[in-house]
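What follows is each chain in one-letter form.
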Amino acid sequence: MVIVLLKLSTAFTQAQNSLQQAYKNKFLIGTALNAPQILEKDSMAMPLIKNEFGAITPENCMKCENIHPAWDTYNFELADKLVTFGNKNNLLVNGHTLIWHSQLAPFVKQIQSKDSLSLFMNNHIQTIASRYDGKIFSWDVVNEALEEDGSLRKSIFLEKLGPDYITESFRLAAKWAPHTELYYNDYNIEQPKKRAGAIALIKSIQAKGLRIDGVGIQGHWRVEKIPLQEIEESILAYSALGLKVMFTELDITVLPNPWDKDAADVNQKATYNALMNPYPNGLPDSVQQKLTNSYAALFKLFVKYSDKISRITFWGVHDKQSWLNGWPIAGRTNYPLVFDRNGKPKPAYYKIIALAKE
Ligand code: 9MR
């Protein structure tokens with residue numbers, strides 16, 4: 001009896017202090033799940049996913065190459081598991097993503113004619129969006145359709161279907177997922193030129209009388225280089241269009257960028273490699289502090305605009321799983337999230353919780 005009560009009270013304290021609990025009156029806090037997590041095989045992540053978050057996005061399993069690998073073949077196994085897992089654990093599911101130029105199944109890349117690509121798009125959206133309508137909360141309908149200068153990305157969709165493929169995607173999504181919120185999702189759309197492109201894109205959807213419910217700013221940022229002013233301007237600009245604003249793939253890299261001119265001399269390979277992967281055995285306190293400060297500055301802004309923001313999703317549960325260990329250089333040790341390699345909360349986690357209560 002005593003043990004049961006103790007367990008209950010621990011669970012209660014945990015829930016009280018969880019990210020989702022701390023922010024429950026402000027916005028949802030989400031995370032992205034990889035395949036082992038959807039299969040409930042990542043035992044370190046499972047309690048974190050269930051206790052700390054209120055929303056989940058699949059990292060890969062709903063992308064074209066996985067869910068629709070051949071013209072007449074769909075593979076719903078993992079996506080179905082994700083949706084069941086979300087519903088069972090009271091986690092809202094954000095579908096990611098219907099139309100994206102990347103991670104397309106090989107058959108799509110080989111499509112030659114406009115008619116065939118249009119037929120693919122119709123089949124793809126109808127089949128997937130209707131299957132999950134009423135079971136998931138939202139869709140990233142179109143992902144990353146813009147270049148950095150704000151023009152439309154030169155993708156297979158633009159090339160074969162013309163710019164209308166975007167409004168057409170939203171028309172189809174609204175038709176087949178009438179009970180699901182519909183979003184445009186992209187990175188760097190807080191930056192002025194790309195933001196202007198995103199605003200034009202959103203207005204073109206709205207001008208046709210089509211539904212778009214929100215915009216997802218991905219939020220892959222760099223420690224001590226968070227573009228706070230651009231983020232603030234973007235929250236205001238997107239919400240002025242009547243949209244929910246979300247930060248959908250948040251992580252903060254602490255590693256040097258190979259494109260920095262001063263990062264290293266690429267010709268001296270050994271020096272270059274060591275300089276490029278400076279913390280293979282743990283994050284020094286000084287960098288941990290910088291990471292905490294960057295997260296603190298961001299969440300201060302999120303709290304300030306919590307009436308306009310509906311969700312903040314981290315791109316992964318813990319550092320071990322992050323895509324940033326493998327990109328843009330493979331095999332590095334990165335520390336971009338708020339739970340470490342052992343699933344333990346980092347100082348940034350406690351700071352974020354404290355900010356909710358201030
Ligand atoms: O996290 C995803 C990683 O596992 C995949 O290998 C990668 C392939 O492109 O996609 C990653 O997720 C991306 C997301 O779907 C869209 N925005 C950028 C994310 C990081 O690349």
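Residues numbered from 1 in each chain as written. Predicted model: local features only at pLDDT ≥ 70, side-chain atom pairs only at ≥ 80, totals over all residues. Heavy atoms only, no water.

Caption draft 1: Inspection of the pairing of strand β5 (residues 181-186) at higher detail. In terms of residue burial, β5 counts as a mostly covered element, since six of its six residues are buried. Alternating residues of β5 divide into E181, Y183 and N185 and L182, Y184 and D186, and every residue in both groups is buried. Where β5 meets strand β6 (residues 214-217), four bridges bridge the pair, whose relative direction is parallel. In the sheet register, Y183 faces β6, and the bridge partner there is G214. Handedness of the crossover joining β5 and β6 through helix α11 (residues 192-207): right-handed. (Buried < 20%, exposed > 50% of the residue type's maximum accessible area, 1.4 Å probe, protein only. Helix = DSSP H or I, 4+ residues; strand = E, 2+ residues; numbered from the N terminus. Pairing = 2+ DSSP bridges. Right-handed = clockwise from strand over helix to strand, strands pointing away.)

Caption draft 2: Summary view of the pattern of salt bridges. Going through the model one piece at a time under the given rule, you end up with 16 salt bridges. The salt bridge partner of K194 is E148, with a shortest N-O separation of 2.7 Å. With a gap of 46 residues between them, K194 in helix α11 and E148 in the loop between β4 (138-143) and α9 (156-161) connect regions that are remote in the sequence. Of the charged contacts in the structure, one is a salt bridge between E159 and K160, with a shortest N-O distance of 3.3 Å. Its relative accessible area of 18% is what places K160 among the buried residues. When salt bridges that share partners are traced, they join E148, D186 and K194 into one network. (Salt bridge = Lys/Arg side-chain N within 4 Å of Asp/Glu carboxyl O.)

Caption draft 3: Seen up close, the environment of E77. Secondary-structure assignment places E77 in helix α6 (residues 77-88). A relative accessible area of 54% places E77 in the exposed class.

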